[in-house]
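Listed below, chain by chain, are the residues.
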Amino acid sequence: MKRLHMGTTLLMAGMLATSLAASAGPQDAAGRAPSIDKVNGGITAEAGQIYGDLSTVNGGITLGRGAHSRDVETVNGGIEAADEVNSGDVSTVNGGIRFGRQARIDGKLETVNGGIFTDRGSLVRGGISTVNGGIGIVGTDVGGRIETVNGDISVGADSHVKGGIKVEKQHGNLGGWFGKPKIPRIVIGPNAVVEGPLVFEREVRLYVHARARIGSLSGATAVRYDGATPPKE
C-alpha cells in the first residue's frame with residue numbers, strides 16, 4: 001500500500017508540473033520563453049502567454065490580453081496591446097502604439113511617426129515620446145517624462161506623470177510649402193498630476209484643469225478650465 005501511495009503521489013506531482021509548464025506559455029528547448037524576430041510580417045503574442053523579445057521590421061505587433069513579453073519593437077508597423085499586458089521597452093518608427101487597461105510597461109514607449117495611448121490603470125516606468133504624433137494617457141502613472149515635437153499631449157483624468165513634460169523646438173522649416181506648422185495642444189485633465197517641470201521650446205496651447213496640479217512652467221501660459229473638456233479653439 002505504501003508503494004502504491006508513493007507512486008500515485010509522484011504521478012500527480014508530474015501531472016501538476018506538466019500543467020504548470022503548459023500554462024506558463026510557449027517555451028524553447030531550454031525551458032525559456034522564446035523570442036520572435038522577423039524581417040517581413042506581423043507578430044501575434046497569444047493571450048496569457050509568456051514571450052521573450054518581439055521584433056519585426058515590416059509588420060505590426062499584436063499582444064493578446066494578459067500576454068507577457070520583454071522588449072517589443074518594429075520599424076514599419078503599429079503595436080496594439082489588449083488589457084493586462086506586461087512588457088519591457090516598446091518602440092516603433094512608423095506606426096502608433098496603443099495599450100489597453102491595466103498595462104505594465106517596465107520601460108519606455110517611443111515612436112517617431114505615430115500616436116501613443118494608454119488606458120486606465122496602466123503603469124509606464126520609463127518615459128513616453130513621439131516626434132510626429134499625439135500622446136494620450138488616461139488614469140496612467142508615468143515614471144519618466146512625456147516628450148514630443150509636433151504632437152498634441154493629453155494627460156487625462158487621474159493620471160500621474162513624475163518626470164514632467166517637454167515639447168522640443170522644431171529643426172528646420174517643417175511647415176514647408178503648407179504654411180505655418182500646427183500648434184501643439186497640451187491638456188492636463190481633472191485630478192491629473194504632473195510633478196516635474198513643464199518645458200515648452202516652441203509655441204503651444206496649454207490647458208490645465210482647475211483640479212489638476214503641475215510643476216514649474218516655462219515657455220507657455222496656462223489657460224485654466226473647469227468643465228469636462230477644455231475650450232475649443
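1. Let's talk about the sheet that holds strand 2 (residues 43-45)
At step 1: Here ten strands make up an open sheet; going across it, the order is 2-4-6-9-12-15-18-21-24-27 and the pairing parallel. Each edge of the open sheet carries a strand with a single partner, namely strand 2 and strand 27 (222-225). Neighbour-to-neighbour, the strand axes of the sheet open up by a mean angle of 10°, direction not taken into account.
At step 2: Where strand 2 and strand 4 (residues 61-63) come together, three bridges link them in parallel fashion. By the bridge assignment, Thr44 is partnered in strand 4 with Thr62.

2. Quick word on a nonpolar patch on the surface
At step 1: Together, Val93, Val112 and Val131 line one region of the surface with nonpolar side chains, adding up to about 170 Å² of accessible area.
At step 2: Residue placement: Val93 occurs in the loop between strand 8 (90-91) and strand 9 (97-99).

3. Describing the pairing of strand 21 (residues 185-188)
At step 1: A two-sided burial pattern is seen for strand 21, the buried positions comprising Arg185 and Val187 on one face and Ile186 and Ile188 on the other.
At step 2: Sheet topology places strand 18 (residues 153-155) next to strand 21; three bridges connect them, and they run parallel. Its bridge partner being in strand 21, Ser154 is matched across the sheet by Val187.
At step 3: Relative to strand 24 (residues 205-209), strand 21 is paired through four bridges, and the arrangement is parallel.

4. Overview of the pairing of strand 24
At step 1: By the criterion of burial, strand 24 is predominantly enclosed, with four of the five residues buried.
At step 2: Bridge analysis of strand 24 against strand 27 gives four bridges, and the strand direction is parallel. Across the sheet, His209 pairs through a bridge with Tyr225, a residue of strand 27.

5. Here we look at the confidence of the model for the protein
At step 1: Averaged over every residue, the pLDDT of the protein is 87; the share at 70 or more is 83%.
At step 2: Considering only residues more than four positions removed or in separate chains, one finds that residues 1-26, a stretch of pLDDT under 50, has ten contacts.

6. A word on the environment of Ile61
At step 1: As for its position among the elements, Ile61 is in strand 4.
At step 2: For Ile61, a relative accessible area of 1% puts it in the buried group.
At step 3: Expressed as a C-alpha distance, the spacing of Ile61 and Thr92, which sit 31 residues apart in the sequence, is 9.9 Å.
At step 4: Every residue in contact with Ile61, bar those within four places of it in the chain, is listed here: Ile43, Leu54, Thr56, Val72, Glu73, Thr74, Gly78, Ile79 and Glu80.

7. Topic: the sheet that holds strand 22 (residues 193-194)
Remark on secondary structure: sheet strands pair via backbone hydrogen bonds, oriented parallel or antiparallel.
At step 1: Reading across the sheet, the seven strands line up as 7-10-13-16-19-22-25 and stay open at both edges, with parallel pairing between neighbours. Only two strands of the sheet have a single partner each, and these edge strands are strand 7 (86-87) and strand 25 (213-214).
At step 2: Where strand 22 and strand 25 come together, two bridges link them in parallel fashion. Looking across to strand 25, one finds that Val193 is bridged to Arg213.

8. Points about the pattern of salt bridges
Pairing between side chains becomes possible if they bear opposite charge and their charged atoms approach one another.
At step 1: Enumeration according to the criterion identifies ten salt bridges in this entry.
At step 2: Glu147 is the partner of Arg145 in a salt bridge, and the nearest nitrogen-oxygen pair spans 3.1 Å.
At step 3: Close ionic contact of Arg224 with Asp226 constitutes a salt bridge, the shortest N to O distance being 3.7 Å. Comparing Arg224 with Asp226 shows no difference in burial state: the two are exposed.

9. Focus: the environment of Gly95
At step 1: Position of Gly95 among the secondary structure elements: in the loop between strand 8 and strand 9.
At step 2: Each C-alpha atom of the pair Gly95 and Gly133 lies 9.3 Å from the other, and the pair is 38 residues apart in sequence.
At step 3: Discounting residues that sit within four places of it in the chain, Gly95 has contacts with Gly77, Gly78, Thr111, Asn113 and Gly114.

Quick notes on the rules
Residues numbered from 1 in each chain as written. Predicted model: local features only at pLDDT ≥ 70, side-chain atom pairs only at ≥ 80, totals over all residues. Heavy atoms only, no water. Pairing = 2+ DSSP bridges. Helix = DSSP H or I, 4+ residues; strand = E, 2+ residues; numbered from the N terminus. Axes fitted to C-alpha atoms, helices over the stretch in contact; angles between N-to-C directions. Patch = residues over 30% accessible without salt bridge, like charges linked within 9 Å, V, L, I, M, F, W, Y side chains within 5 Å. Areas by Shrake-Rupley, 256 points an atom, 1.4 Å probe, with all protein chains shown as cover. Salt bridge = Lys/Arg side-chain N within 4 Å of Asp/Glu carboxyl O. Buried < 20%, exposed > 50% of the residue type's maximum accessible area, 1.4 Å probe, protein only. pLDDT = per-residue confidence, 0-100. Contact = heavy atoms within 4.5 Å.

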